[in-house]
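# A structural walkthrough
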Amino acid sequence: MLGLELAGISRSFAGTRAVDHVDLAVAPGEVVCLLGPSGCGKTTTLRIAAGLEAADSGQVRIGGRVVDGGGAFVPPEHRRVGLVFQDYALFPHLTVLDNVAFGLPAGPDRAGKARALLTRVNLADRAADHPHKLSGGEQQRVALARALAPAPLLMLLDEPFSGLNFRLRDRIGEESLSLLRAAGTATLMVTHDSDEAMRLADRIAVMRAGRVVQSGRPLDLYDRPADLFVAEFFSEINKIRAVVENGVVDTGIGLLPATGLANGTSVIAAVRPEAIRPGGSAPALATAVHPMGAYALVKLKHPVRDITYLMRVEHGATPEVSAKVGARVGVSLDPRGCFVFASEGDAPGHAAVMGSR
Amino acid sequence: MHLVSVRLLAAIAFVAGSLGGAPAIAQGEVNVYSARQEALIRPQLDAFTRTTGIRVNLVTASEDAIIERMRAEGRNSPADVMLTVDVARLIRATDAGLFRPIKSPVLEQAIPSQYRDEGGRWYGLGLRARVIYYNPDKVNPAELSTYEALADAKWRGRVCIRSSNNTYNQSLLASLIAHKGAAAAEQWARGIVANMARPPTGGDRDQITGVASGECDIGVANTYYYVLMQSGTDAEKAAAAKVKAFFPQQSGGGTHVNISGGGVATNAPNPDNAQKLLEFLASAEAQKIYAEVVFEYPVRPGVAVAPALLAIGPLNPDKLKLSRLAAHQAETIRIFDRVGWK
Amino acid sequence: MTSLADNGLRIERRRARFDGWTIAALLIAALATLPVAVVAASIFVPSGDAWSHLAATVLFDYFANTLWLMAGVALLTFVIGVSTAWLVTMCTFPGRRILEWALVLPLAMPAYAVAYTYAEILDYAGIVQTWLRAAFGWSHGDYWFPEVRSIPGAVLMLGLVLYPYVYMLARAAFLSQSVCLLEISRTLGSGPWRTFLRVGLPMARPAIVTGIVLALMETIGDYGVVQHFSVSTFSTGIFRTWYGLGNLTAATQLAALLLGVMFLLLAVERLGRGGAAYHHTTTRYRPLPAFALRGAKAWGAIAACIVPLLLGFAVPAGLLATWAVQTAPRIVDGGFWRASLNSVTVAALAAVLAVAVALVLAFAARMRPGATTTWATRLATLGYAVPGAVVAVGVMIPFGWFDNTVDSWMRDHVGVSTGLLLSGTLAAMLFCYVVRFLAISFNAVESGLSRITPNMDRAARSLGAGPWAALRRIHTPLLRGSLLTAAVLVFVDTMKELPATLILRPFNFDTLAIRTYELAGDERLADASTYALSIVLFGLLPVILLSAAIARSRPGHQ
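Quick caveat, the model's predicted, so the values are computed rather than measured.

The rules behind these values
Residues numbered from 1 in each chain as written. Chains lettered and ligands numbered in written order. Predicted model: local features only at pLDDT ≥ 70, side-chain atom pairs only at ≥ 80, totals over all residues. Helix = DSSP H or I, 4+ residues; strand = E, 2+ residues; numbered from the N terminus. Buried ≥ 20, exposed ≤ 12 C-beta atoms within 10 Å, placed from the backbone. Contact = placed C-beta atoms within 7 Å. Rg over C-alpha atoms; globule rule 2.2 N^0.38 Å. Nonpolar A, V, L, I, M, F, W, Y, C, P; charged D, E, K, R; others polar. Pairing = 2+ DSSP bridges. Axes fitted to C-alpha atoms, helices over the stretch in contact; angles between N-to-C directions. Domains from an automatic or database assignment. Expected span 1.5 Å × (residues − 1). Bend = angle between axes of the 7 residues up to and from the residue. Right-handed = clockwise from strand over helix to strand, strands pointing away. pLDDT = per-residue confidence, 0-100. Parallel < 35°, antiparallel > 145°, perpendicular 65-115°, else oblique. Left-handed = near helix turned anticlockwise from the far one by under 90°.

### Brief notes about the overall build of chain C
A tally of helices and strands in chain C yields 25 helices and two strands. Here chain C holds 558 residues, and 56% of them are scored as buried. The long-range fraction of contacts in chain C, counting pairs at least 24 apart against all pairs at least 6 apart in sequence, stands at 84%.

Written as structure tokens, this is what we have:
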């Protein structure tokens, strides 16, 4: 496979493992998102791919060529990678056109190529301006055009859209990535925004503490999270501490199968808000409703036990539920949005406090 | 309105005063503006204070800067006495109206008339001679005679002499103009430029070291630098030992001399003390200091020349009335510029 | 509410053209320009036939030599200053931490003292050539040896003591530039060297140009080196015309011409920048990548940093020290300590004043950008390019006029003579120093301010801080490094300053520079060495403090 291949990459800083045996591959034309909270090692992974850091161990291949590992180290300028930073890092002393032409080899059609790229990002009319005259979205597009200009094998995007307001973010994100897919460029994008990853990525790799916890297609991750960390990264989630009894877990509003877990195991049941449905036999007390526009989040309380839940109802059902604040409602569980994980390293006695956020 | 102004001025005066510059106008003081360096004039001034009890306040700067300063300060200038080197500057200060004439039998008796202004506005206090130094291994003193002869083609590439920015050279050329006329002087300067061993560079001592090190065979420098080198660093002593001095005779007679001197300021707040100071500087006591500390030739007849100075040769000074040099000063620069004397 | 705010805005807009800031800038400019204007006004005074004489003989030489000198110093300070700044900022190699601050040491050396010592070393009669002749039995004419008393020699002397301006400003710029930009350049195919040339260097351009301009202004104003090396420049020409031709008017006209040249150079540079902005487009700071140099590369880097330090500082200071050891016991007396105290006091006062004035000026230019303040700042900082003696005359004449006018008025109306209020006081001296060194403090403050984005001003304003409060609460703390730089530079320059002190000082007021000059002028270099060395030593301490402060000034530095 061409594109980017990271095999067993590790990197430490001052004794701390920032990147710990990371394996990752990005095929040409594919967009992979490295998703994780800040400090998880995703940016370091990206920098290792770019050649801005060297890996302590492991191997980096770009376009099938080993660029790091086994004694070899190809400096960034010879890796054929493109890089876009969160703040775009446009060269303030150069015009827009010169920024885009920066990575192009000197030649008669250098300016022409740069101009063509600017046209592709709809900025041909700003060619002669200096970057500080441009809006954020325009700067982002210039940064992308600049990175694309030398036709890189691999494009590395470091939180590329987080400087934009969210409406612009969607549009520019999609435009940018379709441009990259069309060019057949392997793209690795670092982000901490799961919605963005979900929407833009072909595949997502979730990182935590230097390791890739799980990777796969967005929906696979959403529907089959490997652990609580992954599960709660993509949405708000109700966490209910419990113990496996008779092969099932009692969440207080329904039973969940505890597949593969022995009786007596302390577990955390993770229940996505949309997996709690209004209408059902389980009793709950509605304490508040937070309308979110297209949907609303309803705060529920277990009638006896000290557990609270968040339930998501669609816009159409909101008035009905709102009317019942302070009253009992009946709910049910959709098992497709519920997961049971053994609670790691928690003494059973600790589970006295039950409840979610 | 008046009140406000007075208070404002009082405030300004207070600030200025507290910043340390309030000029002394009190009795028992005399204020000296000197273009001579402090080290060369302090001993005489200290002796004056010891003798008379009059305190001396001193500020030193370059001659022309002092002239400009006295001009700018105008009638409020605190300067009582201005001391300087080089007769041209004394005359320039006179022309600028900065000196007042004083009538002093003491000064007239002490200082030969060729070294003072006829109007009593400035007085010479010390003499310096500009002489030739040669390398005895390469030059036979019999070959040496006058400054004019240094322009002879036989000295091609053998002469070390300072830049024409130097006052001593300017006055030397002025004396040649006075003796021979401008055309002959220019011819001479052209000859010297052709004979230079190197582009003019360094100070007087550098001309002497140039001879000592073999870079040139002939150097031109003032007498006291040579004497000072004899008591200087080891390197200077060694250089001085390799070189001999020759006192050139102008065809008009005598060796070119220049003076250091001074006058009483037109707006002097303490004119009596100023005159006392000048009279003291011309006294035998002060003249002795001129001779021994600065190695100048005393201007007052009868005061002994320093033994070290006497040892390098007897001085037979040019009889030219020095006030005549001033008229040619500006012309010297033009000649130097024309002949390309750097 | 709304109408009130609207009102306020309208008032501000109406007064914007002529408010406190603009007035402050204009006032400073007027005062600082006064001496220069006195000089420039000489253009309109007939100066006899001096010009036709100058034009026919030496003017071309003055022009050519001055331009050669400027070109050489610009090149040398650029090469030394930028390369050493880049090395110590971007690379690691043994000794880097020491070299980092040591590289500014030559700043404390008076250029004239360096020239004296090198003449002693490299002249025909100097140490090196004497040794060569003794060792190989050569005599005059047998061998070729470069002449130190020449234009290249003067370039070398001035370049060696002036490169720290470029070094300091370039290093500050490199330290504060975004690593992201350098990394982007790498991924776009430029290696480390090309990245330096295409991104690092151009990004630091305003700082580097400022450094070179400072060096050039000092070069133009230099009298000591060119005089000692007998190089005819505008500066020596000015004094020759004044002292020799006795024509102060023609001399000041030469100085005015020199100012014109300087102005032209500055204008050309501004033009070359075009519309480029140098505010940082990024706010992320990562530790600078330290390219670890080893082996031959490390030795090369060490050599590149040590050679200028050796030549610009160690060698001349060493020679001065060997002389001083012999003469110090005789030289160090009460007068020596009084001169030291005077030097330090005056330099400290000048530093504080020059920085305060520069701060107001730079802030005014920022608050009220526009042609008025731009011109005010350019005019106010011209004094640096004018030889000190000429500025001093420019101070002396109007001050004397003021004093005498006040005195006459008081005599006529109050019957009291006020005498000289300003002439011959420390106040006049300090005024002259500020005029002369405002360019230095202003440039340091301005380049510091330019690194604070205008958004911070806006944020401060939005939080209710007025411009003065913003200056005090936001800029001053953020600018601490720049202010310190400015103060130290002015301090050191004042310590070395000679002609203005000489001309304007009060009675019985000696400084170390004056003593050095008088003794050296009497060709007593060995005696002068103790004073010269003291100038270096007193200047050294703040220079070292400054260097340490710059190292700490990187944004995000913990």
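From this point, the discussion proceeds with the structure in view.
### Focus on the overall build of chain B
Along the backbone of chain B there are 14 helices and nine strands. Expected size for 342 residues packed as a compact globule is a radius of gyration near 20 Å; at 22 Å, chain B falls within 12% of this value. Taking the principal axes of the C-alpha coordinates as reference, chain B spans close to 75 × 40 × 40 Å. Taking the intrachain contacts of chain B between residues at least 6 apart in sequence as the baseline, contacts between residues at least 24 apart amount to 78%.

### Focus on the interface of chain C and chain A
If you look at the interface, chain C gives 24 residues, while chain A gives 22 residues. For the side of chain C that touches chain A, the secondary-structure elements that each account for two or more residues are helix 9 (179-187) and helix 10 (192-203) of chain C. Broken down by element, the side of chain C that touches chain A gets its largest block of residues, six residues, from helix 9 of chain C. Along the lines of polarity and charge, the residues of the side of chain C that touches chain A split into ten nonpolar, ten polar and four charged.

### A closer look at the sheet that holds strand 2 (residues 16-26) of chain A
Sheet strands pair via backbone hydrogen bonds, and the direction of the pair is either parallel or antiparallel. Residue and element names in this part refer to chain A. Spatial ordering of the open sheet is given by 2-1-4-5-6, a layout of five strands whose pairing is antiparallel. Bordering the open sheet on either side are strand 2 and strand 6 (72-73), each of which pairs with just one other strand. Along the sheet, helix 1 (residues 42-50) makes contact with strand 1 (4-13), strand 2, strand 4 (57-62) and strand 5 (65-69), crossing strand 1 at roughly 120°.

### Some thoughts on the interface of chain B and chain C
Counting from both sides, the interface comprises 57 residues of chain B and, opposite them, 53 residues of chain C. Taken together, the elements giving at least two residues each to the side of chain B that touches chain C come down to helix 1 (2-18), helix 2 (38-52), strand 2 (55-60), helix 3 (63-73), helix 8 (204-213) and helix 14 (329-339) of chain B. Grouping the amino acids of the side of chain B that touches chain C by side-chain chemistry returns 22 nonpolar, 21 polar and 14 charged.

### Examining the environment of Ile 333 of chain B
Mapped onto the secondary structure, Ile 333 of chain B falls in helix 14. C-alpha of Ile 333 of chain B to C-alpha of Arg 190 of chain B: the two residues are 143 residues apart in sequence and 13 Å apart in space.

### Structural notes on the domain arrangement of chain B
Residues and elements named next belong to chain B. In terms of domain boundaries, chain B breaks down into domain 1 (30-127 + 257-312) and domain 2 (128-256 + 316-339). Once you take the C-alpha centre of each, domain 1 and domain 2 turn out to be 26 Å apart. Listed per partner, the contact involves 20 residues of domain 1 and 23 residues of domain 2. Counting only elements with at least two residues in the side of domain 1 that touches domain 2, the list comes to helix 4 (87-95), strand 4 (123-134), strand 8 (257-264) and helix 13 (307-312).

### Notes on the arrangement of the chains
In this assembly, two pairs of chains are in contact, and the pair contributing the most contacts is chains B and C. Between chain A and chain B there is no contact, and the shortest C-alpha to C-alpha distance separating them is 46 Å.

### Details of helix 8 (residues 151-176) of chain C
All names here are of chain C. The terminal C-alpha atoms of helix 8, which comprises 26 residues, lie 36 Å apart, in line with the 38 Å expected from a rise of 1.5 Å per residue. At Leu 160, helix 8 shows its largest kink, close to 40°, and the proline Pro 164 lies no more than four residues downstream. Of all 26 residues in helix 8, 25 are buried; the element is thus mostly enclosed.

### Here we look at the pairing of strand 8 (residues 154-158) of chain A
Residues and elements named next belong to chain A. Burial analysis of strand 8 places five of its five residues in the buried class, the great majority of the element. The side-chain alternation of strand 8 yields two buried faces, one formed by Leu 154, Leu 156 and Asp 158 and the other by Met 155 and Leu 157. The pairing of strand 7 (residues 81-84) with strand 8 spans four bridges and is parallel. Counted as the bridge partner of Leu 83 is Leu 156 from strand 8. Taking the sense of rotation as the criterion, the β-α-β connection linking strand 8, helix 5 (residues 166-183) and strand 9 (residues 186-191) turns out right-handed.

### Quick notes on unusual backbone geometry
All names here are of chain A. Of note, the phi angle at Ala 14 is positive, near 45°, even though the residue is not glycine. Here Ala 14 is to be found in the loop between strand 1 and strand 2. In this structure, Asn 122 takes a positive phi of about 60° despite not being glycine. As for its placement among the helices and strands, Asn 122 is situated in the loop between helix 3 (110-120) and helix 4 (136-148).

### Some details on the sheet that holds strand 16 (residues 276-291) of chain A
All names here are of chain A. Strand order in the open sheet formed by four strands is 18-17-16-19, with antiparallel pairing between adjacent strands. What marks the edges here is a single partner per strand, and that holds for strand 18 (308-314) and strand 19 (328-333). On average, adjacent strands in this sheet sit at an angle of 55° to one another, irrespective of strand direction. In terms of strand pairing, strand 17 (residues 295-301) meets strand 18 through seven bridges, oriented antiparallel. Bridging across to strand 18, Val 298 finds its partner in Met 311.

### Considerations on the confidence of the model for chain B
Regions with low pLDDT should not have their predicted coordinates read in detail. The pLDDT averaged across chain B works out to 84; a share of 91% of its residues lies at or above 70. A low-confidence stretch, residues 1-27 of chain B stays under pLDDT 50, and its non-local contacts, those more than four residues away or across chains, total 39 contacts.

### Some words on the packing of helix 4 (residues 59-90) of chain C against helix 11 (residues 205-221) of chain C
All names here are of chain C. Interhelical geometry of helix 4 versus helix 11 gives an angle of 140° and a closest axis separation of 9 Å. The angle between helix 4 and helix 11 places the two elements in the oblique class. The element helix 4 and its partner helix 11 pack so that their crossing is right-handed. Packed against helix 4, whose contacting residues are Thr 66, Leu 69, Met 70, Val 73, Ala 74, Thr 77, Phe 78, Gly 81 and Val 82, the element helix 11 presents Ile 208, Gly 211, Ile 212, Ala 215, Leu 216, Thr 219 and Ile 220 at the interface. Taken together, the residues of the contact of helix 4 with helix 11 break down into eleven nonpolar, five polar and no charged.

### Here we look at the packing of helix 2 of chain B against helix 11 (residues 271-281) of chain B
Residues and elements named next belong to chain B. Closest axis-to-axis distance for the helix 2/helix 11 pair is 10 Å, and the angle between their directions is 115°. The angle between helix 2 and helix 11 places the two elements in the roughly perpendicular class. Between helix 2 and helix 11 lies a crossing whose hand is right-handed. From helix 2, Gln 44, Phe 48, Thr 51 and Thr 52 reach across to helix 11, where they touch Lys 276, Leu 277, Phe 280 and Leu 281. Grouping the amino acids of the contact of helix 2 with helix 11 by side-chain chemistry returns four nonpolar, three polar and one charged.

### A few points about the confidence of the model for chain C
Residue and element names in this part refer to chain C. Considering every residue of chain C, the mean pLDDT works out to 80; 88% of them sit at 70 or more. Within chain C, the lowest mean pLDDT, 39, falls on helix 1 (residues 2-15), and the highest, 91, falls on helix 4. Overall, residues 1-16 carries pLDDT values under 50, and its contacts beyond four positions in sequence, including any with other chains, amount to one contact. ipTM for the predicted complex: 0.75, alongside a pTM of 0.76.

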